[in-house]
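Descriptive analysis of the structure
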Amino acid sequence: MTTPDPEGLLAEQLLRLTRRVHRIQKHHLEQRGLGITPAQSRLLRTLAHYGSPPRMADLAERLEVVPRAVTTLVDGLEAGGRVRRVADPTNRRVTRIELTEAGRTALEELRAARRSAAREILAPLTDEQREVLGDLLDTLVDGATAGHC
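Residues numbered from 1 in each chain as written. Predicted model: local features only at pLDDT ≥ 70, side-chain atom pairs only at ≥ 80, totals over all residues. Heavy atoms only, no water.

As a further point, take the overall build of the chain. On a plain count of helices and strands, the chain comes out with six helices and two strands. Starting at the N terminus, the α and β elements of the chain follow one another as α-α-α-α-β-β-α-α. Its C-alpha atoms give the chain a radius of gyration of 19 Å, clearly above 15 Å, the size a compact globule of 149 residues would have. Considering only C-alpha atoms, the chain reaches an extent of 65 × 35 × 30 Å along its principal axes. Taking all 149 residues of the chain together, 24% fall into the buried category. (Helix = DSSP H or I, 4+ residues; strand = E, 2+ residues; numbered from the N terminus. Rg over C-alpha atoms; globule rule 2.2 N^0.38 Å. Buried < 20%, exposed > 50% of the residue type's maximum accessible area, 1.4 Å probe, protein only.)

Dropping the structure here:
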């Protein structure tokens, strides 16, 4: 007879939830017809957090990907008019990436899609359960930033 593994079960539940969240968010994105991949969405959200246009290397570091991956994402978003490459005003060898107006509009659509996905995912929970889940998720997120991986 095997003993139950509560941590293994929790790990599996977290992985299944993560996959479900990703799948539902992707579905909501596709419904809006933005033509933006989840990775491009993440890059747009990251760009929005900078006070001034970052370098591609800054984006790669923040996204924890190789610079070539950022180049590919930027190429796709630039082709859609959502970002543009601009010269650094102090160093002409450096290229920075900035959101365009179309990029800001896309971000609003992306936020709406994420809210729709969240409503769908959280629908089975009561307000009290949502509050408890929020507290638990805060604890897990804060624990990860404190160096517990």
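Next comes the rest of the write-up.
The terminal C-alpha atoms of helix α1 (residues 6–32) lie 39 Å apart, and with 27 residues this matches the ideal 39 Å at 1.5 Å per residue to within 8%. All of the buried residues in α1 are Ile 24, His 28 and Leu 29. Where α1 is buried, its residues meet α2 (38–48) and α5 (101–122). (Expected span 1.5 Å × (residues − 1). Contact = heavy atoms within 4.5 Å.)

Along the chain, Ala 117 falls in helix α5. You can call Ala 117 buried: its relative accessible area is 1%. Between the C-alpha atoms of Ala 117 and Ile 24, which are 93 residues apart in sequence, the distance is 5.9 Å.

We now examine unusual backbone geometry. What you tend to see is this: most non-glycine residues have negative phi, and most peptide bonds are trans. One non-glycine residue, Glu 64, lies in positive phi territory at about 60°. Mapping Glu 64 onto the fold places it in the loop between α3 (56–63) and α4 (67–79). Exposure remark for Glu 64: the relative accessible area of 73% places this residue in the exposed category.

With that settled, consider a nonpolar patch on the surface. There is a patch of nonpolar side chains on the surface, built from Leu 133, Leu 137 and Leu 140 and spanning about 250 Å² of accessible area. On the secondary structure map, Leu 137 appears in helix α6 (residues 127–145). For Leu 137, a relative accessible area of 42% gives the class partly exposed. (Patch = residues over 30% accessible without salt bridge, like charges linked within 9 Å, V, L, I, M, F, W, Y side chains within 5 Å. Areas by Shrake-Rupley, 256 points an atom, 1.4 Å probe, with all protein chains shown as cover. Salt bridge = Lys/Arg side-chain N within 4 Å of Asp/Glu carboxyl O.)

Formed by 21 residues in total, the largest nonpolar core has its most connected members in Leu 43, Leu 44, Val 70 and Val 83. Elements with a contribution of two residues or more to this core: α2, α3, α4, β2 (95–99) and α5. Val 83 has contacts with Leu 44, Leu 47, Val 74, Leu 77, Glu 78, Ile 97, Glu 98, Leu 99 and Thr 100, leaving out every residue within four places of it along the chain. (Core = buried A, V, L, I, M, F, W, Y, C linked by side-chain atoms within 4.5 Å.)

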